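# Secondary and tertiary structure notes
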Amino acid sequence: MYHAIRPVAYEPDPRHGSWGQDLHVLRLGEDLQKELTRRQGEARGAHRPHLPTRRLHALLRALAPGVLATGRSAGADGLLPWLYAREPVPREVLAPLIGTWAAALSGDEDGAVDLEQLLLADGEPEAPALPEWEAERVDLTETVVSCGGTAEPAARLYHLLPEAVAFRLAGTPFRAGGSVLRFRVVSSGTGGVDLVSWPPLRYEQRRQTWYYSAHLTVTVHTAPFGERFRVHVATGVRRWATRLDLPRWQLGGATVLLDTPLPWSEGPDRGYRLMVNTLGYDRSSKEIGWKRRSPALLLPDLDLTSRFPEPEDLFTFPEKWLNSRQDVAAGIVHHPVLGPHGVGAGLMPRERAGLDGWIEQVLSPVLRRVPDLARVTRRNTPALLPRSARAGERGTREAQQALGRRAALGRALGGRPLDVEVLWQSPQTRDALLAALPKVIGLAPGCRTDEGDTTGWTADGVRIRIRARQAGVLASALAPSGDRRRPAAVRLAEAVEERCALVMGAELWKGDGVGLVIAEIAGKEIFASTSDSDPKHALRVAHARQGRLTQFINLPGPGTADLEHRANWAWLDAFRQLGAVGPPAHRAGDDIPDNLQYVALWLVRCTKDGPTRSPARRLVAVRVRTDAGTGAVEGWDAAQADWVPYPSMLLSLAGTAENPSADLEREIRTVLFRLRDRPTLLLANSGNLRQCWPQLRNGGLRRDLLAFGSGPAQRLSLYGEDLRMVLVRDDNGRDEVPEWYAHDGAAGIGFSEGVWAASDDPNNRVFASTTGTPPSAARPKGLVKLTPAPGVRTAPGATAWNPKLLEVTVLGCCASSGQSDNPIDWATLTHQLRYHDDYPPLGYPLPLHLARLAKEYVLPLAAVSVPAADSGGSCMLNRSNPPGNFRS
């Protein structure tokens, strides 16, 4: 057992002091900003106060020697810092870049030369001039401490520091096992900075050459109540496409990294960057081309001697350009939609540890590694059923699981029958579903009773009735209108309404019990050829309007998992939607109240790129009670301002547009005030919920206090004397928590489950929760992909599964007596809630897991009108859902 884990994160080293760099800053200037805005307005016929500078910034970062970073708001305000550079970029370099970009912006090719000459003119009256560079010493460790004690970097460091760290790493090769990797910087301007080893590595398999690189991502973050901010470096593999196995018109956008020589003299950082572009299908020209904002569009106007890849040639022969032609190389970043790849994703912990040691050495002495985390408890799991490899003991465990599921299902149904409609397309799936149910909940053959076309089971008060019929056209592809003059959301909503009408007229079985539909549909890849044709979400809306929950199972096919396994999981997912799941008994300590209830909050955000093309925000609250054997799972109904059964809440979400309450913070306070009747543990993901509750950002946190909006922070006990609150945080798609590996202080490297902390201080509130690797993902931990060495097994084709670290912050743990609880107990309880007999370790505590999965039913639809039945006018469709038969 490992006794420490090591985050791959670094912080300013107080022994070194500040990390100061002498940089040069350029502001766009009012005159030049006004001139560029004027040219853009003349070309587009409308004034836009903000210049679209993304393509220009990509061009500057890639081709202007010495440019370190670009300002985010300089396009709107010419007085704000625009460029940060290690040395002033000559006017002879800046002027052509700005002129070429401005010409593309206005569509005036002659304007490029015109503006370039004006910018190079010295002393011309009324000519826009490039402002002078200003020398400035920038402290890359500048810190502000919040009222709650959280160290936050100065705002500009979120962009400047990752670039500085990346270039520091790119300047020092990584050496291991006789191999040498050199990195290039890939800046996207979104805050983080990537590095990839270049040129790519090769892996030969079955007469096929696959290409890949080491991949690093540098980001800056804060830690709750941390004395110093942090730099996270995520490690992995970047795979390159050698062929694109899809029709041209299906290529929405593939990232292309371009390696091109600078068209001017030497400068700092020369050869350290790769240029980010996007390759995709242009529906107007019906050709493969560079998508908007790709700087590759401007390169031919800047360098007349180099041969750059044509989009069509790159799409057809990606391997040719990956191997460089006339000092120009291009790599298409692999994505699963482009086809299979012979190199597996991810790195094993030993290789991550090697990169971590190199990073620590390169960043010293300005940054140091954050302290290791030590184990704070040995109570890693709740009261789970024992696991055994012996067949007899394994069978006993499975039988106990089945009985537990049946009991939970009985509690969720409350004496009502469960009426299941199986809509199948393949007889194998139908038979697998019917065969799986008695195994999943332990039904003996004598419990079965068949009546006509209905199969029934009855045991211990649980009654299940199943009718199976072919899905037919109900599971066919949607056919939205092809009229692109109308919004995609409206056309999709019309197609959904057509499918809802089809479902309503299909005369599906309507029993008097709790309704559930299990529908067999094709996988999403089958519908990828036609936009918005997947019927899954339309079927969910249609059945929800009839008061029925929906569970889906894909058609059998190549690459799909074992059918028996998928049928079992279909039933388990269906029981989860019914609320027939609860956490096992915890082993977090005797100080946890016996009648504790769990409440989880989750904000669901739908965007115009979501499943229904309609934006919406919905707050989901889930309550789980485990005392007195009730095992009740409930959800918050904002319209009723009350708790309802979990499946009723799910049905109320489907097809609705917005949250009934526009003020989500007010709704959260309403939920809190309805929790005062018993001890409560409130769980939230800070990265998720701070989008509607900004005070949950790390800089706004204060121990045992809550604040909403611009109001003052108040004691947590004001919202309930026995209220505790725990915030969890994962990477949130931004590497907000660091990667990690376990070590024994010697040569042992691997993973370990447990609860960890950097300090044994009783006032510490921040912990880390880690789980082990599931058996299906187990791999030898010594495998390497990047740096082969004698005696070390090299396996680029292996996929490395790395368990994620979950940050656990015990924000409030003050009991009604006024005495603080032990934060370790509440962190341990939160960690144990990630375990369940039916699932591999969850990414979140179970109540938060249930709240998050409610997003499957948040399917807002755009408003559409249909002809009225009794007049020549039209009427808006009413999408109110029946409440469902879930009240006992």
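Residues numbered from 1 in each chain as written. Predicted model: local features only at pLDDT ≥ 70, side-chain atom pairs only at ≥ 80, totals over all residues. Heavy atoms only, no water.

### Some words on the overall build of the chain
Filter applied, for reference: Runs of H or I in DSSP of at least four residues are treated as helices and runs of E of at least two as strands, each being numbered from the N terminus. Relative accessibility under 20% of the residue-type maximum defines a buried residue, over 50% an exposed one, and the middle range a partly exposed one, all with a 1.4 Å probe and only protein chains included. Here, two residues are considered to be in contact whenever any of their heavy atoms come within 4.5 Å of each other. Accessible areas in this description were obtained via Shrake-Rupley with a 1.4 Å probe; residue shielding takes into account the shown protein chains only.
The helix and strand tally for the chain stands at 19 helices and 42 strands. Residue burial in the chain is summarised as follows: out of 888 residues, 55% are buried. Across the chain, the fraction of contacts at a sequence separation of at least 24, relative to all contacts at a separation of at least 6, is 73%. A total accessible area of about 38200 Å² is found for the chain, and carbon and sulfur atoms account for 48% of it.

### Considerations on the pattern of salt bridges
When charged atoms on two side chains of opposite charge get close, those side chains can pair. To be explicit about the condition: We count a salt bridge whenever a side-chain nitrogen from Lys or Arg sits within 4 Å of a carboxyl oxygen from Asp or Glu.
On inspection of all chains with the given rule, the structure shows 47 salt bridges. The partner of Glu739 in a salt bridge is Arg352, and the shortest N-O contact between them spans 2.9 Å. Here the residue Glu739 occupies a position in the loop between strand E35 (723–729) and strand E36 (740–743), and Arg352 occupies one in helix H9 (residues 349–363), the gap between them amounting to 387 residues. Where Lys608 meets Asp609, a salt bridge forms, and the shortest distance between an N and an O atom there is 3.9 Å.

### A closer look at helix H2 (residues 54–63)
Counting buried residues in H2 gives 9 out of 10 residues, a clear majority hidden from the surface. For H2, the full list of buried residues reads Arg55, Leu56, His57, Ala58, Leu59, Leu60, Arg61, Ala62 and Leu63.

### Re the side chain of Arg491
Operational definition: Note that His is not counted, nor are the chain ends; the positive residues are Lys and Arg, and the negative ones are Asp and Glu.
Inspection of the secondary structure puts Arg491 in helix H12 (residues 488–504). Although Arg491 is buried, it makes no salt bridge; Asp532 carries the closest opposite charge, 6.2 Å away. The contacts of Arg491, once residues within four sequence positions are left out, are Pro480, Ser481, Gly482, Asp483, Arg484 and Arg486.

### Thoughts on the packing of helix H11 (residues 427–440) against helix H14 (residues 563–577)
Heads up, the rule is: Convention adopted: a line fitted to C-alpha atoms gives each axis, helices being fitted over their contacting stretch, and angles between N-to-C directions are expressed from 0 to 180 degrees. Put simply, angles under 35 degrees are roughly parallel, angles over 145 are roughly antiparallel, angles from 65 to 115 are roughly perpendicular, and the rest are oblique. For any helix crossing, the convention is left-handed if the near helix is rotated counterclockwise from the far helix by under a right angle, and right-handed if that rotation is clockwise. Polar here means any residue other than Ala, Val, Leu, Ile, Met, Phe, Trp, Tyr, Cys and Pro, which are nonpolar, and Asp, Glu, Lys and Arg, which are charged; Gly is therefore polar.
The contact between H11 and H14 brings their axes to 8 Å, and the two run at 60 degrees. As far as their axial angle goes, H14 and H11 are oblique. Two packed elements cross with a definite hand, and for H11 against H14 that hand is right-handed. On H14, the residues that touch Gln428, Thr429, Ala432, Leu433, Ala436, Leu437, Lys439 and Val440 of H11 are Leu563, Glu564, Ala567, Asn568, Ala570, Trp571, Leu572 and Phe575. Its residues assigned to classes, the contact of H11 with H14 comprises 11 nonpolar, 3 polar and 2 charged.

### A look at the sheet that holds strand E18 (residues 287–290)
Definition in use: Paired strands, as defined in this entry, are two strands with at least two bridges between them according to DSSP.
Spatially, the 4 strands line up as an open sheet ordered E18-E17-E16-E19, and their pairing is antiparallel. Lying at the two open borders of the sheet, with one neighbouring strand each, are E18 and strand E19 (329–332). Shown here is a sheet whose adjacent strand axes are inclined to one another by a mean of 30 degrees, direction ignored. Where strand E17 (residues 275–282) meets E18, 4 bridges bridge the pair, whose relative direction is antiparallel.

### Notes on the confidence of the model for the chain
Worth spelling out the cut-off: Confidence scores here are pLDDT values: one per residue, from the predictor, ranging 0 to 100.
The predicted model of the chain has a mean per-residue pLDDT of 88, with 90% of residues at 70 or higher. Here residues 867–883 is a poorly scored stretch, pLDDT under 50, and it has 37 contacts once near neighbours within four places are set aside; other chains count.

### Overview of helix H19 (residues 846–853)
Taking burial as the measure, the 8 residues of H19 include 7 buried ones, the bulk of the element. Those residues of H19 lying buried are Leu846, Pro847, Leu848, His849, Leu850, Ala851 and Leu853.

### Considering the packing of aromatic side chains
The relative placement of two aromatic rings is captured by the distance of their centres and the angle of their planes. We count it as follows: Stacked, tilted and edge-to-face pairs are distinguished by plane angle, under 30 degrees for stacked and over 60 for edge-to-face with tilted covering the rest, among Phe, Tyr and Trp rings (Trp via its six-membered ring) whose centres lie within 6.5 Å. Placement of a charge over a ring requires the Lys NZ or Arg CZ to be within 6 Å of the ring centre, with the centre-to-atom vector within 35 degrees of the ring normal.
By the definition in use, this model includes 12 aromatic pairs. Three or more aromatic residues link up through ring pairs in this structure, and these residues are Phe673, Trp693, Phe708 and Tyr719. Above the ring of Phe167, the side-chain terminus of Arg86 is found at 4.9 Å from the ring centroid. Over the face of the ring belonging to Tyr857 we find Arg540, whose NZ or CZ atom lies 4.5 Å from the ring centre.

### Quick word on unusual backbone geometry
A cis amide bond links Trp198 with the next residue in sequence, Pro199, at an omega value of 0 degrees. Its location among the elements puts Pro199 in the loop between strand E12 (193–197) and strand E13 (201–205). With an omega dihedral of 10 degrees, the bond running from Ser364 to Pro365 counts as a cis peptide bond. Assignment of secondary structure puts Pro365 in the loop between H9 and strand E20 (367–369). Backbone geometry at Arg206 places phi at a positive 50 degrees, although glycine is not the residue there. For Arg206, the location among the structural elements is in the loop between E13 and strand E14 (208–221).

### A word on the sheet that holds strand E6 (residues 134–139)
Within the open sheet, the 4 strands sit side by side as E4-E5-E3-E6. Their pairing is antiparallel. Every interior strand has two partners, whereas the edge strands, strand E4 (67–70) and E6, have only one. Taken over all neighbouring pairs, the strand axes of this sheet differ in orientation by 35 degrees on average, direction set aside. Inspection of the sheet shows E4 paired to strand E5 (residues 81–85) by 3 bridges, in the antiparallel sense. Each bridged residue has a counterpart across the sheet, and for Thr70 the counterpart in E5 is Leu83.

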